[in-house]
Amino acid sequence: RPVQTITGASVTDRRKMGDVKALRHFGDLALGASLAFSREEDYFSRAYGLQGQYSLNQKNTVITAGFGRSDDNVRSSDNPDLDEPRATNEYLLGVTQVVSQTALVQSTLSLSRGHGFYDDPYRFTLTFYPTGAPAFMPDTRPRERHAFAWLTRWRQHVPSANGTLQAEYRFFRDDWGIRAHTLEAAWQQSVGERWSVRPALRYYTQTAADFYSPLIPQGRA
């Protein structure tokens, strides 16, 4: 029977990062901007974002729209010549609705469109076959990735228990064939004026990418 092994990164690294955000209110309208950077030995990222919020219905409804972009450079501790770019644009549209004095619901749609280097520079697949030489190949992925996500949250405060019931569901899909569902339920319990405890239960499921194969086809060494 063919046998597969996968290698991964095993390096010591340190990350330096920083971000700054600013928000300005103009009555029912709020505009914000953000800048961020992150640097590692084998990865460098620069990002910025713009966001607007508009309140209506006596501020019981808030509509949010945003745009963000990140420009990254993928490098490798094992290959000093590797320096590949990756750029991603992200779009967001959401609404938050106050349902009652103790409950609110929030739903957000996000879309991302990226292109560039998506391979893992540390991952290699080695397949041993019963006969013939083993097949050895580096990680190879498409150079574009378009993704969509839908997130919905519910918050219900219970004054008599001084706690809040939290529930949320997230659906994710992309053009690699990945489909993911995340369902979470939690209870946030206030303990005094400064502390809170939040036990939670999360269920997550995900399909494999279309291009994934558990074994390297023979002849592609």
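Residues numbered from 1 in each chain as written. Predicted model: local features only at pLDDT ≥ 70, side-chain atom pairs only at ≥ 80, totals over all residues. Heavy atoms only, no water.

J.: Sorry if this is basic, but what is going on with the overall build of the protein chain here?
T.: Counting its regular elements, the protein chain contains zero helices and 14 strands. Counting from the amino terminus, the protein chain carries its helices and strands in the arrangement β-β-β-β-β-β-β-β-β-β-β-β-β-β. For 221 residues, the compact-globule estimate of 2.2 N^0.38 gives 17 Å, and the protein chain exceeds it by more than 25% at 23 Å. The C-alpha extent of the protein chain, read off along each of the three principal axes, is 70 × 35 × 35 Å. Out of the 221 residues belonging to the protein chain, those deemed buried represent 28%. Taking the average location of the 26 positive side-chain charges in the protein chain and that of its 23 negative ones, the two points are 5 Å from each other. (Helix = DSSP H or I, 4+ residues; strand = E, 2+ residues; numbered from the N terminus. Rg over C-alpha atoms; globule rule 2.2 N^0.38 Å. Buried < 20%, exposed > 50% of the residue type's maximum accessible area, 1.4 Å probe, protein only. Lys, Arg positive; Asp, Glu negative; His and termini not counted. Charge placed at Lys NZ, Arg CZ, Asp CG, Glu CD.)

J.: How do you make sense of the pairing of strand β7 (residues 103-116) when you look at a structure like this?
T.: Consecutive side chains along a regular strand alternate between the two faces of the sheet. In terms of strand pairing, strand β6 (residues 84-100) meets β7 through 14 bridges, oriented antiparallel. Looking at β7, one finds that Ala87 is bridged to His115. Where β6 folds back on β7, the antiparallel hairpin that results is connected by two residues. Sheet analysis places β7 next to strand β10 (residues 144-158), joined by 13 bridges and oriented antiparallel. Of the residues in β10, the one forming a bridge with His115 is Glu144. (Pairing = 2+ DSSP bridges.)

J.: Sorry if this is basic, but what is going on with the pattern of salt bridges here?
T.: Pairing between side chains of opposite charge can happen when their charged atoms approach one another. By the definition in use, this model includes 10 salt bridges. Across the pair Arg69 and Asp71 runs a salt bridge, and its minimum N-O distance is 3.1 Å. Classification of Arg69 as partly exposed rests on a relative accessible area of 24%. (Salt bridge = Lys/Arg side-chain N within 4 Å of Asp/Glu carboxyl O.)

J.: Would you mind showing me how to read the environment of Thr7 here?
T.: Summarising the element assignment, Thr7 is placed in the loop between β1 (3-6) and β2 (16-26). Spatially, the C-alpha atoms of Thr7 and Thr102 are 50 Å apart, while their sequence positions differ by 95 residues. Beyond its immediate sequence surroundings of up to four residues, Thr7 is in contact with Tyr122, Arg123 and Phe124. (Contact = heavy atoms within 4.5 Å.)

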